[in-house]
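If you want the building blocks of each chain, they are given just below.
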Amino acid sequence: MMTLDDIDAHIIRLLRSDGRMPNAELAEKVGLSPSACLRRLRLLERSGVIRGYTAIVETPGPAERLVVVTQITLERQTEDFLNRFEAAVRRCPEITDCYLMTGMSDYLLKIEVRNAAEYERLHKEVLSRLPGVARIQSSFAIRTVVSGGSRSLAGASER
């Protein structure tokens, strides 16, 4: 993992708020020449600090989407069980986020579906059949308070 200086952290903050910002504008905002800024950006990408770019898409109104936070406990925590479970999760488009956790459950999933009936189908046909699943515990979100967006980086000064 590379060490980020204040300029790298500033580049990341700016890209979190606008991932399509032109390099010339990014360079101006962080106080670098466009070529120096682009070199830093490419280094952040090659080192894995920046893993990719995405579009944040406005979802339909709250009545049309249901967010379900699901905790999964596996039968075993061996590398084979973890790998098989993670591979299966990657094939399920309704699972928008998946985190390997410490604590009482092994994984935390964020699932987006149209309604409770669709979640019930997903639970029966997909979640309960994922490799190595011992227990599933789900909670339904009432409303979104914070989603995506930029966050300040620990240890980096704000500009």
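This text follows the structure it describes.
Here's what I pulled together on the structure shown here. (Residues numbered from 1 in each chain as written. Predicted model: local features only at pLDDT ≥ 70, side-chain atom pairs only at ≥ 80, totals over all residues. Heavy atoms only, no water.)

### Notes on the pattern of salt bridges
So the rule is basically this: Think of a salt bridge as a Lys or Arg side-chain nitrogen and an Asp or Glu carboxyl oxygen that are within 4 Å of each other. The way it works is that DSSP assigns letters per residue, a run of H or I at least four long becomes a helix, a run of E at least two long becomes a strand, and they are numbered from the N terminus.
Under the defined criterion, the tally for this structure stands at 11 salt bridges. Here Arg40 and Asp5 are joined by a salt bridge, their closest N and O atoms 3.0 Å apart. On the criterion of sequence distance, the pair formed by Arg40 in helix α3 (residues 34-46) and Asp5 in the segment before α1 (6-17) is long-range, its members being 35 residues apart. A salt bridge links Lys124 to Glu120; the nearest nitrogen and oxygen atoms lie 3.3 Å apart. With a gap of four residues between them, Lys124 and Glu120 both fall in helix α5 (residues 116-125), about one helical turn apart. Here the salt bridges share partners, and the residues they tie into one network are Asp5, Asp8 and Arg40.

### Side note on the packing of helix α2 (residues 23-30) against α3
What counts, and what does not: Interaxial angle, 0 to 180 degrees, is taken between N-to-C directions of lines fitted to C-alpha atoms, where a helix line uses only the stretch in contact. Here the angle decides the label: under 35 degrees means roughly parallel, over 145 means roughly antiparallel, 65 to 115 means roughly perpendicular, and every other value means oblique. Residue contacts follow a heavy-atom distance rule, with two residues in contact if any of their heavy atoms lie within 4.5 Å. Under the convention adopted here, Pro, Cys and the residues Ala, Val, Leu, Ile, Met, Phe, Trp and Tyr are nonpolar, Asp, Glu, Lys and Arg are charged, and Gly plus all remaining residues are polar.
Running from N to C, α2 and α3 point in directions that differ by 95°, and their axes come no closer than 8 Å. One finds that α2 runs roughly perpendicular with respect to α3. In this structure, α2 contributes Asn23, Leu26, Ala27 and Val30 to the contact, and α3 contributes Pro34, Cys37 and Leu38. Looking at side-chain class alone, the contact of α2 with α3 contains six nonpolar, one polar and no charged residues.

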